[in-house]
Amino acid sequence: MAAIRLERGAFLYLCGMLPALFASGPAVAQQEVNYGVQPDTDPSFIAKALGYFDPIEKKHNVKIVFREFAYGAPENQAMAAGALQVASAGMGPATIAVSRLPAKLVAINILEQTAILVAKDSPLKSPCDLKGKAVAYPGEGSQQYPLLLKALSKCGLSASDIKLFKSSGPDIPTLVMNKSVDAGITWDPSISVGLASGKVRLLAKAEQIMPIMGGHYVGNGVYVRNEFLERHKDIVQELVTANVMAVNYILCHPKEAAKLWSEQIRIKQEIIQLSLDQGISVYSLNVIPTEETMTAYTKFLKDAKILKPDDTPKIDPSFATKALQEVKSGKTCMETGPSR
Amino acid sequence: MTSSRQWLTGAARALPFFYAAIVIVLVWEVVVLLTKPDPSILPPPLEVAWTFGHLASDGELAVHTAYSVARVFSAWLLSAVIAIPLGLLMGNSRSLERIINPFVELLRPISPLAWIPMAILWFGIGESGKVFVVFIGTFFPILLSTIAGAKGVDPVLLHAGQVFGCTTRLSLFRRVVVPAALPNIVVGLRVAFGTGWAAIIAAELVAAHSGLGYLIANGMDILRADQVLVGMIAIGVLGFLFDTFFRYLQAHYGRAAR
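Residue positions are counted from 1 within each chain, in the order its sequence is given. To label them, take the chains in the order written and letter them from A, then take the ligands in the order written and number them from 1. Totals for whole chains, interfaces and linings use all residues, but because this is a predicted model, local features are given only for residues with pLDDT of at least 70 and pairs of side-chain atoms are given and counted only at 80 or more.

Novice: Account for the overall build of chain A, naming residues and giving values.
Specialist: Looking only at helices and strands, chain A features 15 helices and 11 strands. Throughout, a pair of residues is in contact if the C-beta atoms placed from their backbones lie within 7 Å. Restricting the contact set of chain A to residue pairs at least 6 apart, pairs at least 24 apart contribute 81%. By definition, any uninterrupted DSSP run of H or I lasting at least four residues is a helix, any uninterrupted run of E lasting at least two residues is a strand, and each is numbered from the N terminus.

What follows is the structure, given as structure tokens:
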């Protein structure tokens, strides 16, 4: 009898916990701003290293905590669970997030950042030669997948014309080097790590596949959960401004920026320098996610069937616009153009 | 009269499962109504039903299901072809069992999922790697059940076989041991299909561009919880249907063996 009572008690407890579990919603710590990042050449790392976040923390009595993710999908899952208030990720995952989650895109902070790689001695000359070849990619949730489809479609090919192999982004240059696959599409700094090895070469850069902003592909976006944005407009504004200031620093002092990134993301300075020199990751002060850019980008994702026809990304360009004005009022290294 | 009674018995057996399915959907709907979670975390049942219908009508669900079933079936068949004769021989020969058993006991505890990286390295990114992973998951349950079946033949049956003319070891093996071990073999085949089904989902989560595991992993990547749930429902329903089929076979062969 006692056992039955105990079981009933446990059952009722579980029933009570279930709605609480779902209702708990965003786990916003009172004084912690959880900022999702990936270990790449994100200006957020420069902003952090240069102490651009310190005045924000002091002024608003908050702590900006970087939460690192290997790629965009788990970062979005963390944001869906309410564990992140702000996130910086590739434009593919960022657009998926702002279409499906209660979140808005507030800035575009890196251009390019994607390329198709082949082995140094590969006979392949262009994406059109990929027919029948094994191509490694980081999954459909990545921006690399629709870019690959776009590159193929320009040659009249589709995904069924190649052998797709899903792998983690950083492993792709190794798979290409080992000739486990014929080609691979991945993100930076994995591209630069591969190029620095001397065993792989570029088959196509993102700008050759889809130039969408200043002649470049849009690489990375910053997005914020709606309730955090509504409650803390000032913090969001200052975070975006810190990002634009970091971009300005990268444009003014590329070598120093490479050194700072190297310390932050534990990748050799010369590899990051190679990325900047060869324009694998490109930076521009124009970080505004305009309607025009996002309409084109959304169509691109819908064509690749990543977004549903009724998905509409939520964007708020006001923060990036104001940040750009604030930074331009000081000393800038380049008006709006890319870093090269 | 008999067929209508059979139908009624079948319906009565299926009733608890319908009841369970209805309760799950009701609880799900109530949780959604009460807590209003973001659809990317928990979509309402109707949205999932719509996605299910959409994926089913455009053939995508059938293609993914066919890939998963084909992979499991081919690996399971391969396992059966190797494990059943080997198990029967091991169950009948102590010396053979002594030689092979250490290998079985050393390899058996390694989860099929642990073989996934090696499968990619050895077999590449094609179908053979996935079939290999499922083969690992299905081989040992069939082998062990077959050994148990062959070893557990009632001595009375063996004696009766000898009395009724099975004078050689081979004829006794063929006419008494194999039929008597059949119920155990069917149990092994049933269990193996279940473990293979679980293994293929894991293998497809890692390195595939098709299959129900891929459908789930892809849904997770693009924040489509509805797609994830469709994949999960398909796995559950198919697993249940296969298990029901094997239960039927088990009952049938159990009766035949008796």
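Novice: An account of the nonpolar core is requested, with residue identities and associated values reported.
Specialist: Any nonpolar core is a set of buried residues, restricted to Ala, Val, Leu, Ile, Met, Phe, Trp, Tyr and Cys, that join up through C-beta atoms within 7 Å. Counting other C-beta atoms within 10 Å of a residue's own tells you its class, since 20 or more makes it buried, 12 or fewer makes it exposed, and anything in between is partly exposed; those C-beta atoms are placed from the backbone. One finds V106, V135, Y223 and V240 of chain A together with V134 of chain B to be the most contacted residues of the largest nonpolar core, which totals 173 residues. Here this core takes 17 residues from helix 8 (residues 169-206) of chain B, the largest share from any one element. Discounting chain neighbours no more than four positions away, the residues touching V135 of chain A are L130, L148, I162, K163, L164, F165, V181, D182, A183, G184 and I185 of chain A.

Novice: Let's hear about the domain arrangement of chain A: which residues, and what values?
Specialist: Many descriptions give the size of an interface as the accessible area lost when the pieces come together. Residues and elements named next belong to chain A. Bear in mind that the domain bounds are from an automatic or database domain assignment. The assigned domain composition of chain A is domain 1 (32-113 + 215-328) and domain 2 (114-209). Averaged C-alpha coordinates put domain 1 and domain 2 at centres separated by 24 Å. Of all the secondary-structure elements, those providing two or more residues to the side of domain 1 that touches domain 2 are helix 4 (72-80), helix 5 (91-100), helix 13 (269-277) and helix 14 (291-303). Top element by residues in the side of domain 1 that touches domain 2 is helix 13. It accounts for 5 residues.

Novice: Let's hear about the pairing of strand 7 (residues 163-166) of chain A: which residues, and what values?
Specialist: Residue and element names in this part refer to chain A. DSSP bridges decide pairing: two strands pair if at least two such bridges lie between them. In this sheet, strand 7 lies alongside strand 6 (residues 134-137) in parallel orientation, the contact comprising 4 bridges. What sits directly across from A136, in strand 7, is F165. Handedness of a crossover is defined as follows: with both strands directed away from the viewer, a clockwise route from the first strand across the helix to the second makes it right-handed. You can see the chain leave strand 6, run along helix 6 (residues 144-153) and come back into strand 7, and the turn it takes is right-handed.

Novice: Break down the sheet that holds strand 6 of chain A for me, citing the residues and quoting the values.
Specialist: Residues and elements named next belong to chain A. Reading across from one edge, 7-6-8-5-9 is the order of the 5 strands in this open sheet, with mixed pairing throughout. One side of each edge strand has no neighbouring strand; the edge strands of this open sheet are strand 7 and strand 9 (200-205). Across this sheet, the average inter-strand angle for adjacent strands is 30°, counted without regard to direction. Direction of pairing for strand 5 (residues 114-119) relative to strand 9: antiparallel, over a ladder of 5 bridges. When the sheet's bridge partners are listed, I116 is paired in strand 9 with A204. Helix axes are fitted to C-alpha atoms over the stretch in contact, other axes to C-alpha atoms as well, and angles between N-to-C directions run from 0 to 180 degrees. Each of strand 5, strand 6, strand 8 (183-187) and strand 9 touches helix 6; the most contacted strand, strand 8, lies at about 135° to it.

Novice: Give me the domain arrangement of chain B: which residues, what numbers.
Specialist: In terms of domains, chain B is made up of domain 1 (1-36) and domain 2 (41-257). Using only C-alpha atoms to locate each centre, domain 1 of chain B and domain 2 of chain B end up separated by 27 Å.

Novice: If you had to explain the packing of helix 4 of chain A against helix 5 of chain A to someone new, which residues and values would you point to?
Specialist: Residue and element names in this part refer to chain A. At a minimum axis separation of 9 Å, helix 4 and helix 5 run at an interaxial angle of 25°. In terms of their interaxial angle, helix 4 and helix 5 are classed as roughly parallel. Our pair here, helix 4 against helix 5, has a crossing hand that is right-handed. Contact residues: G72, A73, E75, N76 and M79 in helix 4; G92, P93, I96 and A97 in helix 5. Nonpolar residues are Ala, Val, Leu, Ile, Met, Phe, Trp, Tyr, Cys and Pro. Charged residues are Asp, Glu, Lys and Arg, and all others, Gly as well, are polar. Split by residue class, the contact of helix 4 with helix 5 holds 5 nonpolar, 3 polar and 1 charged. Roughly parallel refers to an angle under 35 degrees, roughly antiparallel to one over 145, roughly perpendicular to one between 65 and 115, and oblique to any angle outside these ranges. Helix crossings are classified by the rotation of the near helix relative to the far one: an anticlockwise turn of less than a right angle makes the crossing left-handed, while a clockwise turn makes it right-handed.

Novice: An account of the environment of F300 of chain A is needed here, citing residue identities and associated values.
Specialist: In this structure, F300 of chain A sits in helix 14. As a C-alpha pair, F300 of chain A and F53 of chain A span 247 residues in sequence and 34 Å in three-dimensional space.

Novice: I'd love a proper account of the sheet that holds strand 4 (residues 103-112) of chain A, names of residues and values included.
Specialist: All names here are of chain A. The sheet built from 6 strands is open, its strands ordered 2-1-3-10-4-11 with mixed pairing. Each of the sheet's edge strands pairs with one partner strand only, and the pair in question is strand 2 (63-68) and strand 11 (281-282). Of the strand pairs in this sheet, strand 1 (residues 32-37) and strand 3 (residues 86-90) are connected by 2 bridges, and their pairing is parallel. Within strand 3, the residue paired with G36 across the bridge is A87. Strands strand 1, strand 2, strand 3, strand 4 and strand 10 (218-225) of the sheet are contacted by helix 4, whose axis makes an angle of about 155° with strand 3. Lying on the sheet, helix 5 is in contact with strand 3, strand 4 and strand 10; it crosses strand 10 at an angle near 30°.

Novice: Talk me through the interface of chain B and chain A; I want residue IDs and the actual numbers.
Specialist: Contacts between the two partners involve 16 residues from chain B, matched on the other side by 23 residues from chain A. Of all the elements in the fold, those that place two or more residues in the side of chain B that touches chain A are helix 1 (2-35) and helix 9 (212-221) of chain B. Each residue belonging to the side of chain B that touches chain A can be placed in one class, and the counts come to 10 nonpolar, 4 polar and 2 charged.

Novice: Explain the pairing of strand 3 of chain A to me, using residue names and the numbers behind them.
Specialist: All names here are of chain A. The element strand 3 is extensively covered by neighbouring structure, given that 5 of its 5 residues are classed as buried. The pairing of strand 3 with strand 10 spans 5 bridges and is antiparallel. Bridge pairing in strand 10 places A89 opposite G221.

Novice: Talk me through the environment of E204 of chain B; I want residue IDs and the actual numbers.
Specialist: Residue and element names in this part refer to chain B. With respect to the secondary-structure elements, E204 resides in helix 8. On the basis of neighbour counts, which here come to 27 C-beta atoms within 10 Å, the residue E204 falls in the buried class. Once the C-alpha coordinates of E204 and A217 are considered, the two residues, 13 residues apart in sequence, prove to be 8.3 Å apart.

Novice: Now, about the confidence of the model for chain A: what can you tell me, with residues and values included?
Specialist: Predicted confidence across chain A gives a mean pLDDT of 89, with 89% of residues reaching 70 or more. Think of pLDDT as the predictor's per-residue confidence, scored from 0 to 100. This stretch, residues 335-340 of chain A, has a pLDDT under 50; its non-local contacts, to residues over four places away or in other chains, come to 19 contacts.

Novice: An account of unusual backbone geometry is needed here, citing residue identities and associated values.
Specialist: All names here are of chain A. Omega for the peptide link from D188 to P189 comes to 10°, which places this bond in the cis form. Tracing the backbone through its elements, the reader meets P189 in the loop between strand 8 and helix 8 (190-197). Located in the positive-phi region is N61, a residue other than glycine, with phi close to 55°. Note that N61 resides in the loop between helix 3 (54-60) and strand 2. For N61, a count of 8 C-beta atoms within 10 Å gives the class exposed. In this structure, K179 is a non-glycine residue whose phi angle is positive, near 60°. Relative to the helices and strands, K179 resides in the loop between helix 7 (172-177) and strand 8.

Novice: How would you summarise helix 4 of chain A if you had to cite specific residues and measurements?
Specialist: An α-helical turn contains 3.6 residues, so any two residues separated by three or four positions project in the same direction. The element helix 4 of chain A is largely enclosed, with a buried count of 7 among its 9 residues. Those residues of helix 4 of chain A that fall on the buried side of the exposure criterion are G72, A73, E75, N76, Q77, M79 and A80 of chain A. In the core, the buried residues of helix 4 of chain A are packed alongside strand 1, strand 3, helix 5, strand 4 and strand 10 of chain A together with helix 9 of chain B. Positive phi shows up at G82 of chain A, right after helix 4 of chain A, with a value of about 85°.

Novice: Describe the confidence of the model for chain B, with residues and values.
Specialist: A low pLDDT means the predicted coordinates there should not be read in detail. Per-chain confidence: chain B averages 88 in pLDDT, with 96% of residues scoring 70 or above. Scoring the predicted complex yields pTM 0.77 and, for the interface, ipTM 0.70.

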